[in-house]
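# Structural characterization, general
What follows is the residue order along each chain.
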Amino acid sequence: MFKGLFPPIPTPFVGEEFSPAHLTGNIGRWNELPIEGYVVLGSNGEAPLLDEHERAAVVRTAFEAIPSERTMIVGAGRESTRATMRSVKEAFSLGADAVLVGVPSYFKPAMTDEVLREHYLRVADASPGPLLLYSVPYFTGIPIGPTLFAELIGHDRIVGIKDSSGDPESLRGMIEAARARGRDISVLIGSARALAAGLEMGAAGSVLALAVVAPRACAEIAALIASGKTEPARRRNEELLPLAEAVTRRHGIGGLKAALDLLHFYGGDPRPPLPPAGPAARAEIAELLKRLGLLT
């Protein structure tokens with residue numbers, strides 16, 4: 001079962017080229033923090049903007065830097081079923097412990113539950129290892145709902161989902177479906193707003209951009225929920241939301257990378273056409289980090 005905190009780490013660039021040295025350096029610092037593993041080549045890893053050989057280089061570099069006791073989940077979704085199957089196999093050949101497979105979304109009107117069911121089952125049949133679904137309707141416009149999720153986890157290799165919908169009822173339905181399946185299924189929270197409530201419902205863990213820059217705070221919320229201190233956990237969650245919004249929807253990956261720079265990791269700029277954070281955004285993020293005691 002995939003349980004705990006898995007930051008979806010950014011891919012560092014220097015002059016628009018992937019920097020293995022900076023990725024290795026960042027992972028070395030994250031390895032000292034209270035996390036259970038990593039998501040590599042997720043949305044925050046700018047995977048859609050990378051060439052295939054670059055994606056493989058990122059995974060190889062991460063695999064070498066991540067200790068064996070930590071989990072490496074690799075984003076492997078593509079637009080076609082055939083390409084996704086190939087990507088999944090490559091991810092496992094490069095050392096992935098699991099793959100994260102998003103919804104094909106370019107031909108959105110055709111992506112009915114029936115079509116997605118067939119897509120995911122074919123990918124799972126071809127997968128050498130465990131597969132996590134990825135529902136991020138903010139980007140794709142196509143949610144994976146509890147009904148489809150309940151059907152898909154009937155496949156032995158489909159072991160859970162990262163639900164970034166932020167919809168508490170959807171999350172609750174998935175957690176109930178996971179319990180009803182009678183085997184270990186991981187429902188991972190992908191929205192910081194839902195962190196405390198989702199863990200209280202019984203989610204297995206989280207994959208949050210917020211955890212890239214504030215992993216100790218996210219781990220603190222999980223520890224409070226585990227000890228039954230739900231009100232302090234909810235209050236702490238609320239305190240973190242302005243930062244979470246700033247490094248996701250408000251300023252995007254540019255904001256997340258700016259926060260890393262301020263925390264003396266290497267952030268750098270996103271790959272164009274994604275914009276970097278401007279001076280005003282950087283000043284806002286710096287102030288939010290200071291308020292939380294993350295930056296002095």
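Note: the structure precedes this text.
Residues numbered from 1 in each chain as written. Predicted model: local features only at pLDDT ≥ 70, side-chain atom pairs only at ≥ 80, totals over all residues. Heavy atoms only, no water.

## Overview of the nonpolar core
For soluble globular proteins, nonpolar side chains are generally found buried alongside one another. In terms of nonpolar packing, the biggest core is built from 95 residues, with Ile-27, Trp-30, Leu-133, Phe-149 and Leu-210 touching the most fellow members. Element by element, the count of residues in this core is highest for helix 11 (residues 230-250), at 7 residues. Within the second largest apolar cluster, 13 residues are counted, among which are Val-39, Ala-98, Leu-132 and Ala-204. (Core = buried A, V, L, I, M, F, W, Y, C linked by side-chain atoms within 4.5 Å. Buried < 20%, exposed > 50% of the residue type's maximum accessible area, 1.4 Å probe, protein only. Helix = DSSP H or I, 4+ residues; strand = E, 2+ residues; numbered from the N terminus.)

## Section: unusual backbone geometry
Following Pro-272, the chain continues into Pro-273 via a peptide bond in cis, with omega recorded as 15°. Along the chain, Pro-273 turns up in the loop between helix 12 (252-262) and helix 13 (279-291). One non-glycine residue, Glu-16, adopts positive backbone phi at about 70°. Turning to its location among the elements, Glu-16 is positioned in the loop between strand 2 (13-14) and strand 3 (17-18).

## A look at the packing of aromatic side chains
The tally for this structure, following the rule as stated, stands at 4 aromatic pairs. Here Tyr-138 and Phe-139 contribute two aromatic rings whose centre-to-centre distance is 5.4 Å and whose plane-to-plane angle is 50°, an arrangement assigned as tilted. Chaining the aromatic ring pairs together yields one cluster made of Trp-30, Tyr-38 and Phe-265. Arg-29 extends its terminal NZ or CZ atom over the ring of Phe-265, reaching a point 3.9 Å from the ring centre. Sitting above the plane of the Tyr-138 ring, Arg-249 keeps its charged end 4.0 Å from the centroid. (Phe/Tyr/Trp six-rings, centres within 6.5 Å; stacked < 30°, edge-to-face > 60°. Lys NZ or Arg CZ within 6 Å of the ring centre and 35° of its normal.)

## Here we look at the layout of surface pockets
Each pocket or cavity is described by its volume, and for the largest pocket that value is around 1,300 Å³. Together, 50 residues line the largest pocket, and Ser-43, Asn-44, Tyr-134, Val-136 and Phe-139 are the ones closest to its centre. The element that contributes the greatest number of residues to the lining of the largest pocket is helix 11, accounting for 5 residues. Along the lines of polarity and charge, the residues of the lining of the largest pocket split into 25 nonpolar, 17 polar and 8 charged. Computed from the structure, the second largest pocket encloses a volume of approximately 280 Å³. Forming the walls of the second largest pocket are 17 residues, and the residues nearest its centre are Gly-4, Leu-199, Ala-204, Gly-205 and Ala-222. Of all the secondary structure elements, the ones that give two or more residues to the lining of the second largest pocket are strand 1 (4-5), helix 8 (195-201), strand 10 (205-206) and helix 10 (215-226). (1 Å grid on protein atoms, 1.4 Å probe; cavity = no way out; pocket = protein on both sides within 12 Å on 5 of 7 lines; lining within 4 Å. Points joined across faces, edges and corners; volume = space filled by probe spheres on them. Nonpolar A, V, L, I, M, F, W, Y, C, P; charged D, E, K, R; others polar.)

## A word on the side chain of Ser-135
You can see Ser-135 is positioned in strand 7 (residues 131-135). Setting aside anything within four residues of it in sequence, one finds Ser-135 in contact with Ile-142, Pro-143, Ile-144, Ile-161, Lys-162, Asp-163, Ser-164 and Ser-165. (Contact = heavy atoms within 4.5 Å.)

## A short note on empty space enclosed by the protein
Within this structure, the stated rule accounts for 1 cavity of 30 Å³ or more. Roughly 70 Å³ of volume is contained in the largest cavity. Lining the largest cavity are 13 residues; nearest its centre among them are Leu-41, Val-59, Arg-78, Ser-87 and Glu-90. Taken together, the elements giving at least two residues each to the lining of the largest cavity come down to helix 2 (52-65), strand 5 (71-75) and helix 3 (81-93). In terms of residue class, the lining of the largest cavity is built from 7 nonpolar, 2 polar and 4 charged.

## Concerning the environment of Glu-114
Structurally, the position occupied by Glu-114 is in helix 4 (residues 113-126). Given the relative accessible area of 59%, Glu-114 is considered exposed. Each C-alpha atom, one on Glu-114 and one on Leu-148, is 8.6 Å from the other, the two residues being 34 residues apart in sequence.

## Section: helix 2
Compared with an ideal rise of 1.5 Å per residue, which puts 14 residues at 20 Å, helix 2 spans 20 Å between its outermost C-alpha atoms and is within 8% of the ideal. Those residues of helix 2 lying buried are Glu-54, Arg-55, Ala-56, Val-58, Val-59, Thr-61, Ala-62 and Ala-65. Contacts made by the buried residues of helix 2 are with strand 3, helix 1 (20-30), strand 4 (37-40), strand 5 and helix 3. (Expected span 1.5 Å × (residues − 1).)

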